[in-house]
Amino acid sequence: AQSVSQHNHHVILSEAASLELGCNYSYGGTVNLFWYVQYPGQHLQLLLKYFSGDPLVKGIKGFEAEFIKSKFSFNLRKPSVQWSDTAEYFCAVQDTGRRALTFGSGTRLQVQP
Amino acid sequence: NAGVTQTPKFQVLKTGQSMTLQCAQDMNHNSMYWYRQDPGMGLRLIYYSASEGTTDKGEVPNGYNVSRLNKREFSLRLESAAPSQTSVYFCASSLENTEAFFGQGTRLTVV
């Protein structure tokens, strides 16, 4: 069975600081990779996705992620965070044969003005 | 576009009561899912349906049943609610090998 690990459970940053959230997965086959964001009291929204091709993926709101196959990692980055980025971030993996997504435990990001 | 619609948004049940959470999508997606979200545990898959007429167990199916009524609707039933089922429930849908789109969630409390 596949699993997803998010190493940072709670991150506190000041505005304009750089962000990197770690995500590692365990699965030997072909996977699709996702980062979702959940703003307080809201549902999950897609930030970015990787299916194939360029391993550096750009998403909405200035976020990007890099797929490193040899490390089974898909880390999320943003050069300069804003207060409005305060949210919970979830990494997810999709076995291309199974469709359902497996989620990590989430990272709560708090950005202080 | 409504996307994925869940009802109700909030519910309080007494232990042993039953209820059905409703989910409908208007994106013509084949696959639908039910997840529960608990603090520190992310989202865990309860059941999913790859197509109309089929359902499969996910990671945490015990205490739940599902019905894929048609292509649009996928309901989740708690036959005898327990306090351990207090959670936020999300329905989602997708096409094959694409991202999932989520509903607004149902916050369920079992007392």
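The rules behind the values
Residues numbered from 1 in each chain as written. Chains lettered and ligands numbered in written order. Predicted model: local features only at pLDDT ≥ 70, side-chain atom pairs only at ≥ 80, totals over all residues. Heavy atoms only, no water. Helix = DSSP H or I, 4+ residues; strand = E, 2+ residues; numbered from the N terminus. Rg over C-alpha atoms; globule rule 2.2 N^0.38 Å. Buried < 20%, exposed > 50% of the residue type's maximum accessible area, 1.4 Å probe, protein only. Contact = heavy atoms within 4.5 Å. Areas by Shrake-Rupley, 256 points an atom, 1.4 Å probe, with all protein chains shown as cover. Lys, Arg positive; Asp, Glu negative; His and termini not counted. Charge placed at Lys NZ, Arg CZ, Asp CG, Glu CD. Polar contact = N/O pair within 3.5 Å; in protein donor to acceptor, adjacent residues only side chain to side chain. Pairing = 2+ DSSP bridges. Axes fitted to C-alpha atoms, helices over the stretch in contact; angles between N-to-C directions. Buried area = accessible area lost by both parts, 1.4 Å probe. Salt bridge = Lys/Arg side-chain N within 4 Å of Asp/Glu carboxyl O. Nonpolar A, V, L, I, M, F, W, Y, C, P; charged D, E, K, R; others polar. Disulfide = S-S within 2.5 Å.

Visitor: How should I be thinking about the overall build of chain B in this particular structure?
Guide: Helix and strand counts for chain B stand at 0 helices and 11 strands. When its helices and strands are written in sequence order, chain B yields β-β-β-β-β-β-β-β-β-β-β. Expected size for 111 residues packed as a compact globule is a radius of gyration near 13 Å; at 13 Å, chain B falls within 12% of this value. Considering only C-alpha atoms, chain B reaches an extent of 35 × 25 × 25 Å along its principal axes. Counting the 111 residues in chain B, one finds 50% classified as buried. Long-range contacts, defined as pairs at least 24 residues apart, comprise 53% of the intrachain contacts of chain B with a sequence gap of at least 6. Here chain B displays about 5200 Å² of accessible surface, and carbon together with sulfur accounts for 48% of that area. Separation between the mean location of the 10 positive side-chain charges and that of the 9 negative ones in chain B comes to 9 Å.

Visitor: Looking at this structure, how should I read the side chain of Gln25(B)?
Guide: Residue and element names in this part refer to chain B. By the secondary structure assignment, glutamine 25 is in strand β3 (residues 19-25). The class for glutamine 25 is buried, based on a relative accessible area of 1%. A distance of 3.0 Å separates a polar side-chain atom of glutamine 25 from the backbone oxygen of lysine 71.

Visitor: Which parts of the structure should I look at to understand the sheet that holds strand β8 (residues 74-78) of chain B?
Guide: Backbone hydrogen bonds are what pair the strands of a sheet, in a parallel or an antiparallel way. Residues and elements named next belong to chain B. One open sheet holds the 4 strands; their spatial order is β1-β3-β8-β7, and the pairing between them is antiparallel. The open sheet has two edge strands, β1 (4-7) and β7 (64-68), and neither has a second partner. Shown here is a sheet whose adjacent strand axes are inclined to one another by a mean of 15 degrees, direction ignored. Sheet topology places β3 next to β8; 3 bridges connect them, and they run antiparallel. If you follow threonine 20 over to β8, its bridge partner there is arginine 77.

Visitor: What am I meant to see in the interface of chain B and chain A here?
Guide: Many analyses report the size of an interface as the accessible area lost when the parts associate. Each partner contributes to the interface: chain B provides 22 residues, whereas chain A provides 22 residues. Buried area between chain B and chain A, summed over both chains or domains, comes out near 1800 Å², and the portion from carbon and sulfur atoms is 52%. Contact with chain A buries surface across chain B, with Asn97(B), Glu99(B) and Phe102(B) losing the most and accounting together for 31% of the total. The interface formed by chain B and chain A holds 1 salt bridge in total. A salt bridge links Lys49(A) to Glu99(B); the nearest nitrogen and oxygen atoms lie 2.9 Å apart. Counting the contacts that link chain B with chain A gives 7 residue pairs in polar contact (both at pLDDT 80 or more). Only β4 (31-38) and β5 (42-49) of chain B provide two or more residues apiece to the side of chain B that touches chain A. Its residues assigned to classes, the side of chain B that touches chain A comprises 10 nonpolar, 9 polar and 3 charged.

Visitor: Honestly, unusual backbone geometry in this entry has me stumped. Any pointers?
Guide: Glycine aside, a negative phi is what most residues show, and trans is what most peptide bonds show. Along the chain, Thr7(B) connects to Pro8(B) via a cis peptide bond; the corresponding omega equals -10 degrees. Here Pro8(B) lies in the loop between β1 and β2 (10-13).

Visitor: Where do I start with the state of the cysteines in this structure?
Guide: Disulfide: a covalent bond formed between the sulfur atoms of two cysteine residues. Residues and elements named next belong to chain A. Tallied over the entire structure, the rule returns 2 disulfides over all chains. Between the sulfur of cysteine 23 and that of cysteine 91 lies a disulfide, 1.9 Å long from S to S. Classification of the bridge connecting cysteine 23 and cysteine 91 rests on its S-S torsion, roughly -65 degrees, and on that basis the disulfide is left-handed. Within this pair, whereas cysteine 23 is found in the loop between β3 (19-21) and β4 (24-26), its partner cysteine 91 is found in strand β10 (residues 87-95), the two being separated by 68 residues in sequence.

Visitor: Sorry if this is basic, but what is going on with the environment of Ser80(A) here?
Guide: One can find Ser80(A) in the loop between β9 (73-78) and β10. Residues within four places of Ser80(A) in sequence aside, it is in contact with Ala16(A) and Ala17(A).

Visitor: Sorry, what's going on with the pattern of salt bridges here?
Guide: In a structure, side chains of opposite charge can pair up when their charged atoms sit close to one another. Scanning the model with the defined rule gives 8 salt bridges over all chains in all. Its salt-bridge partner being Arg77(A), residue Glu64(A) comes within 3.4 Å of it at the nearest N-O pair. Of this pair, Glu64(A) sits in strand β8 (residues 64-68) while Arg77(A) sits in strand β9, and the two are 13 residues apart along the sequence. What makes Glu64(A) buried here is its relative accessible area of 18%. Its salt-bridge partner being Glu79(B), residue Arg77(B) comes within 3.1 Å of it at the nearest N-O pair. On the basis of relative accessibility, which here comes to 29%, the residue Arg77(B) falls in the partly exposed class. Of the residues examined, Glu79(B) reaches a relative accessible area of 42% and is grouped as partly exposed. Beyond isolated ion pairs, a larger network of salt bridges with shared partners links Lys58(A), Glu64(A), Glu66(A) and Arg77(A).

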